[in-house]
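Examining the three-dimensional arrangement
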Protein chains: 2
Amino acid sequence: MMVLITYDVRTENAEGMKRLRKVAKQCQNYGQRVQNSVFECLVDPVQFAQLRKQLEQIIDPNEDSLRYYYLGSNWKNRVEHVGAKVTYDPEGVLTV
Amino acid sequence: MMVLITYDVRTENAEGMKRLRKVAKQCQNYGQRVQNSVFECLVDPVQFAQLRKQLEQIIDPNEDSLRYYYLGSNWKNRVEHVGAKVTYDPEGVLTV
């Protein structure tokens, strides 16, 4: 399934910067970065459960947020991109 | 229809900062900010056409990007939020 993950991490101090790097790193293990704080992750339910558990252990829930958007099987028709881009197909090969 | 708009604007100089402010301002006219660079916009097709036209005139397509995610009528079931939040219902009243 395709899950879009967006996040806001408060980076006013070194702790926040550390959380931001950790969140990005985990997302990179499961998906493709499409914008700075936006990842598209093609995962099965077990993988997604692992990923969200990891992310939710990293963030400070009083300062940071995560949003998950379940785009469904028809996700390719739901997405449109304008402007500067990393072109990729998450089911295929990354082409920058 | 519910359209999720995410954006990356390169803010290395004053021009970029200006574009960022303009993009956010336009999005605020049509939807709710749910994260720093993420807006959920409940719009009809005419409104969305206006909004995207405005946004695409603001950004520098070589530096910045916009992504539109069409979440469909079942959008409420597609979204999940974790952590710090502004709680709102885009069809209702903003409650911080």
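So, how was this worked out
- Residues numbered from 1 in each chain as written.
- Chains lettered and ligands numbered in written order.
- Predicted model: local features only at pLDDT ≥ 70, side-chain atom pairs only at ≥ 80, totals over all residues.
- Heavy atoms only, no water.
- Helix = DSSP H or I, 4+ residues; strand = E, 2+ residues; numbered from the N terminus.
- Buried < 20%, exposed > 50% of the residue type's maximum accessible area, 1.4 Å probe, protein only.
- Areas by Shrake-Rupley, 256 points an atom, 1.4 Å probe, with all protein chains shown as cover.
- UniProt positions renumbered as here; feature names shortened; annotations may be inferred.
- Contact = heavy atoms within 4.5 Å.
- Polar contact = N/O pair within 3.5 Å; in protein donor to acceptor, adjacent residues only side chain to side chain.
- Pairing = 2+ DSSP bridges.
- Axes fitted to C-alpha atoms, helices over the stretch in contact; angles between N-to-C directions.

Let's talk about the overall build of chain A
When you go through chain A residue by residue, the secondary structure sums to 2 helices and 7 strands. Mapped in sequence order, the helices and strands of chain A form the string β-α-β-β-α-β-β-β-β. Across the 96 residues in chain A, those meeting the buried criterion constitute 44%. Total accessible area on chain A is roughly 5,200 Å²; 46% of this is exposed by carbon and sulfur atoms.

Section: the UniProt feature "binding site: Mg(2+)" (unreviewed entry) in chain A
Mapped onto the present numbering, the UniProt feature "binding site: Mg(2+)" (unreviewed entry) falls at Asp-8 of chain A. Relative to the helices and strands, Asp-8 of chain A is located in strand β1 (residues 2-8). For Asp-8 of chain A, a relative accessible area of 24% puts it in the partly exposed group. Ignoring anything within four residues of it in the chain, the contact list for Asp-8 of chain A reads Asp-64 and Ser-65 of chain A together with Gln-35 and Asn-36 of chain B.

Side note on the side chain of Arg-19 of chain A
All names here are of chain A. Residue position: Arg-19 is located in helix α1 (residues 14-30). Among the polar contacts listed, one links the side chain of Arg-19 to the backbone oxygen of Arg-10, at a separation of 3.5 Å. If we ignore the near neighbours within four places in the chain, the residues touching Arg-19 are Val-9, Arg-10, Ile-58, Ile-59, Asp-60, Glu-63 and Asp-64.

So, the sheet that holds strand β3 (residues 38-42) of chain B
Consider a sheet: its strands pair through backbone hydrogen bonds, and that pairing is either parallel or antiparallel. The strand order β5(A)-β4(B)-β1(B)-β3(B)-β2(B) describes an open sheet built from 5 strands, whose pairing is antiparallel. Both edges of this open sheet fall to β5 (79-83) of chain A together with β2 (32-35) of chain B, since each of them pairs with a single strand only. Recorded for the sheet is a direction-independent mean angle of 25 degrees between the axes of neighbouring strands. One ladder, built from 5 bridges, connects β5 of chain A with strand β4 (residues 65-70) of chain B; its direction is antiparallel. Within β4 of chain B, the position partnered with His-81 of chain A by the bridge is Arg-67 of chain B. The strands touched by helix α1 (residues 14-30) of chain B are β1 (2-8), β2 and β3 of chain B; relative to β3 of chain B, the strand with the most contacts, the crossing angle is about 30 degrees. Sitting on the sheet, helix α2 (residues 45-58) of chain B touches β5 of chain A together with β1, β3 and β4 of chain B, and the angle it makes with β4 of chain B is about 165 degrees.

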